[in-house]
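Results of the structural survey
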Amino acid sequence: MDWQAYIDTEKLGKWMAGQGLGDGEVTGAHLLGGGTQNLLLRFDYNGRSLVLRRPPPHLRANSNETMRREMRMLEALAESDVPHPRLVAGCPDETVLGAAFYLMEPVEGFAPVNGLPAFHASDAAVRHRMGLSLVEGITALGAVDYEAVGLAGFGKPENYLERQVNRWRQQLQSYGDFPGWSGPQAIPGVETVAGWLERHRPSSFEPGIIHGDYHLGNVMYRHDSGELAAIVDWELTTIGDPLLDLGWLLATWPGETPADDTIEGFRVQPWEGFPAAGELVEHYRSRTHRDTSSIEWYAVLACYKLGIILEGTHARACAGKAPKATGDQLHASTVALFERALGWVR
């Protein structure tokens, strides 16, 4: 990708100088890989390394607002013990680089889904610790008082659980606008799952911060231990029910065999040593005051929501607006997610 077409380093340098980050030139700039289409550029400036994050080249309708929400969340978490990329400066103004963006400190760690270093690959106990620290990341996040850190009004916690099924049912129905889409009938048990969620919805919850897309693909680990280095990709963060993050982890957690996995690419090799899903729940329960007695409901909701999100790419692929291979792969993930949900429902 020709990132220079979307990130003018001369303008960036002038903006950084205006933010009190010193004078100098942007050097050593190179793109970082990631799990999203957002651009991540690492570079050196005034004696320090920084990472810039901005929306994809072809902006979506909410791209700039998503960046603003991410930078607001990272700023709010600055004094917390939640492992996250440290915000250096944010630019909500779209005129500087053509889109909102922010700067953060580099995360010194690795993404487990891209492969384990020898230290982690050779020790099952370290991999077990990786699973437990993954749970500790969301217990720490859910424990943050969102109003005390300035996030009142960041989300709409009122009737959060009551809104979920209808919100995502409408999303699924909207895919009918794509010609050639195989339709909801190609998703096993879609109405069965929706009905079960409506009938078994918890009667109350305690609002808190949620990451919104919590799984092994959105975290980084330290090189010398099984501890989290950072939770990344905060695009879906909001104020809601933090138990949904645990449900999301259960929905995406690799099964006993690769055939049991719901999403391709989330299994880490070697897998031996990672906790079973039940141990993740017990570890969460031991570290929170939240009532986890209905955790299967949150896991089913996560399957429902994520499955419908992924199906959107399949629908676009059917209409020739996304690669067919990608659409087919994500549709298979949708089917697997709903099959996992049906296992909890039945």
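Scroll up for the structure.
Attention here is on the structure that accompanies the text. As the structure is a computational prediction, the values presented were derived from the model and not from experiment.

The rules behind the values
Residues numbered from 1 in each chain as written. Predicted model: local features only at pLDDT ≥ 70, side-chain atom pairs only at ≥ 80, totals over all residues. Heavy atoms only, no water. 1 Å grid on protein atoms, 1.4 Å probe; cavity = no way out; pocket = protein on both sides within 12 Å on 5 of 7 lines; lining within 4 Å. Points joined across faces, edges and corners; volume = space filled by probe spheres on them. Helix = DSSP H or I, 4+ residues; strand = E, 2+ residues; numbered from the N terminus. Nonpolar A, V, L, I, M, F, W, Y, C, P; charged D, E, K, R; others polar. Expected span 1.5 Å × (residues − 1). Buried < 20%, exposed > 50% of the residue type's maximum accessible area, 1.4 Å probe, protein only. Polar contact = N/O pair within 3.5 Å; in protein donor to acceptor, adjacent residues only side chain to side chain. Contact = heavy atoms within 4.5 Å.

Here the focus is the layout of surface pockets. In this model, the second largest pocket occupies a volume close to 290 Å³. Forming the walls of the second largest pocket are 16 residues, and the residues nearest its centre are Trp253, Pro254, Ala276, Ala277 and Gly278. Breaking the lining of the second largest pocket down by element, the ones donating at least two residues are helix 8 (277–285), helix 9 (295–318) and helix 10 (324–345). Considering every element that reaches the lining of the second largest pocket, the biggest residue donor is helix 8, with three residues. Of the residues in the lining of the second largest pocket, the class split is 11 nonpolar, two polar and three charged.

With that settled, consider helix 4 (residues 124–143). Along its 20 residues, helix 4 runs 29 Å from first to last C-alpha, staying within 8% of the 28 Å computed at 1.5 Å per residue. Among the 20 residues in helix 4, 15 count as buried, and that is most of the element. Its side-chain oxygen 2.9 Å from the backbone nitrogen of alanine 125, aspartate 123 forms the N-cap of helix 4.

Moving on, we come to helix 6 (residues 190–199). Looking at helix 6, one finds that the buried residues are Val190, Val193, Ala194, Gly195, Trp196 and Leu197. For helix 6, the secondary structure elements touched by its buried residues are helix 5 (160–174), helix 9 and helix 10.

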